[in-house]
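Commentary on secondary and tertiary structure
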Amino acid sequence: MEIQTRLIEQGLGTGDPQSLITRLITRFAPAPTGYLHLGHVLNAIYVWDIARASGPGARVLLRIEDHDRARSRPEFEAALLEDLAWLRFAADGELTRQSERGALYERALDELRARGLTYGCECSRTEIGSGWYPGTCRDKRLRESAGLGIRLRLEPGVERFDDLRLGRQEQQPSEQCGDLLIRDRHGNWTYQFAVVVDDWLQHVNLVVRGEDLLDSTGRQIQLARLIGRERPPAFLHHELLMKNATQKLSKSDGETGVRDLRAKGWSSEAVIDRATSLAGLSRGRITKFLSSHH
Ligand SMILES: [Zn+2]
């Protein structure tokens, strides 16, 4: 089914400014832990083109996801903004930074804690790895304190959602990841938590991201409900850049950094065309892709 039909079904983006249906609010949210690369560019093309195709009133927010204080750098943020401007992707309104929103995350955590949904976790990453958390500290009743992580109890259950591109999805977050880490032992808010709180407070109703992140969507939806969001956002997971039919393109393949391509004299149009063609979207820009599915 067409992406735009699905947008309309989910109450987003009618293209009619008189409509009472919710206006589309989406976001572009890079982490300032490196330079802008072609994967970001493909994501930006989708984000802005869907917003443009959804009619007047649609908004694209720019959020700097610098929740990881150890890896985020102001010089990367400055470079990301400069490259985005060069590519002519202009956001609506002021940009936000996760590093400045700690009080909001704290408040969301307070709500969860008051309902008895959180607990302290003393496990280190090396002890448990980054996959499924077996609930080691669930019943230890550790007092939350510096040096302890904070986890959210996820009860067993199935999350169902309709991805705008991939269709019906079913996931079981508690089986996939176990109780979610909200804040790590060093006091850093986790990506999952910060993003879900931000999307809620900023009224983001469409999240556009790569299909490599599809597995974590069910837990984001579950988390959104737990923090009090009645209607979680819609999701669109787009294809990834491919080196060939089976291999994902990575930074080590070279010629993926926007800075490098600029330095070699590429135009912004050429960079955008490169991102679309590496995604296998042979018709060029995604606007064409969208309208061809209309
Ligand atoms: Zn633990």
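These numbers come from a predicted model, not from an experiment.

Taking strand neighbours across the sheet as the criterion, the 3 strands line up as β1-β2-β3 in an open arrangement whose pairing is parallel. Two strands bound the open sheet, and with one partner strand each, they are β1 (25-28) and β3 (96-97). Sheet analysis places strand β2 (residues 59-64) next to β3, joined by 2 bridges and oriented parallel. Among the inter-strand pairings, I64 is bridged to a residue of β3, identified as R97. Of the strands in this sheet, β1 and β2 touch helix α2 (residues 38-53), which is tilted by about 160° from β1.

With that settled, consider the sheet that holds strand β8 (residues 180-183). Overall, antiparallel pairing links the 3 strands, which are arranged β4-β5-β8 in an open sheet. The open sheet has two edge strands with one neighbour each: β4 (118-121) and β8. Between one strand axis and the next, the sheet turns by 40° as a mean value, whatever way the strands run. The pairing of β4 with strand β5 (residues 149-152) spans 4 bridges and is antiparallel. From the neighbouring strand, T118 faces β5, where its bridge partner is L152.

To continue, consider the packing of helix α7 (residues 191-201) against helix α8 (residues 217-226). The interhelical angle for the contact between α7 and α8, taken along N-to-C directions, is 55°, at an axis separation of 10 Å. Considered as vectors, α7 and α8 are oriented oblique to each other. For the pair α7 and α8, the sense of crossing is right-handed. Residues Y191, Q192, F193, V195 and V196 of α7 lie in contact with α8, whose contacting residues are R219, Q220, L223 and A224. Taken together, the residues that form the contact of α7 with α8 break down as 6 nonpolar, 2 polar and 1 charged.

Let's shift gears to the coordination of the zinc ion. Within the first shell, the zinc ion binds the protein through C121 (SG), C123 (SG), Y133 (OH) and C137 (SG), at distances of 2.1 to 2.3 Å. The site at the zinc ion holds 4 donor atoms, and with the angles between them running 100 to 121°, its shape is tetrahedral. Mapping the donors of the zinc ion onto the primary sequence gives the spacing C-x1-C-x9-Y-x3-C. Here the residue C121 occupies a position in strand β4, and C137 occupies one in the loop between α5 (125-128) and β5, the gap between them amounting to 16 residues. Overall, the relative accessible area of 1% leaves C137 in the buried class.

So, on to the pattern of salt bridges. Scanning the model with the defined rule gives 23 salt bridges in all. Between D198 and R63 there is a salt bridge; the shortest N-O distance is 3.6 Å. With D198 in helix α7 and R63 in strand β2, the pair connects residues that are 135 residues apart, well separated along the chain. R225 serves as the salt-bridge partner of E159, at 2.9 Å between the closest nitrogen and oxygen. Of this pair, E159 sits in strand β6 (residues 159-163) while R225 is found in helix α8, placing the two residues 66 residues apart along the sequence. Here E159 falls in the buried class, since its relative accessible area comes to 9%. Each of R27, R63, E65, R101, D198 and D199 takes part in a single network of salt bridges with overlapping partners.

So, how was this worked out
- Within any chain, residue numbers begin from 1 and follow the written order of that chain's sequence.
- Where local features are concerned, this predicted model is filtered to residues with pLDDT of at least 70; where side-chain atom pairs are given and counted, the filter is 80 or more; whole-chain, interface and lining totals use all residues.
- Where side-chain values are given, they derive from all heavy atoms of the structure, hydrogens and water being excluded.
- DSSP bridges decide pairing: two strands pair if at least two such bridges lie between them.
- Helix and strand definitions follow DSSP, with helices as H or I runs of at least four residues and strands as E runs of at least two, each counted in order from the N terminus.
- The contact definition used throughout considers only heavy atoms, calling two residues in contact when any of these lie within 4.5 Å.
- Where helices are involved, their axes are fitted lines through C-alpha atoms of the stretch in contact, as for all axes, and angles between N-to-C directions lie from 0 to 180°.
- Angle categories: roughly parallel below 35 degrees, roughly antiparallel above 145, roughly perpendicular from 65 to 115, and oblique for all the rest.
- Helix crossings are classified by the rotation of the near helix relative to the far one: an anticlockwise turn of less than a right angle makes the crossing left-handed, while a clockwise turn makes it right-handed.
- Gly falls in the polar group here, along with every residue not listed as nonpolar (Ala, Val, Leu, Ile, Met, Phe, Trp, Tyr, Cys, Pro) or charged (Asp, Glu, Lys, Arg).
- For Na, K and Ca the donor cutoff is 3.2 Å, while for all other metals N, O and S atoms must lie within 2.8 Å; water is not among the atoms, so some sites may look incomplete.
- Between 85 and 135 degrees for all angles marks four donors as tetrahedral; over 155 degrees for opposite donors together with 65 to 115 for all other angles marks four donors as square planar and six as octahedral; every other arrangement is irregular.
- To sort residues, take the accessible area from a 1.4 Å probe on protein chains only and compare it with the maximum for the residue type: under 20% means buried, over 50% means exposed, and anything in between is partly exposed.
- In what follows, salt bridge is the name for a side-chain nitrogen of Lys or Arg lying within 4 Å of a carboxyl oxygen of Asp or Glu.

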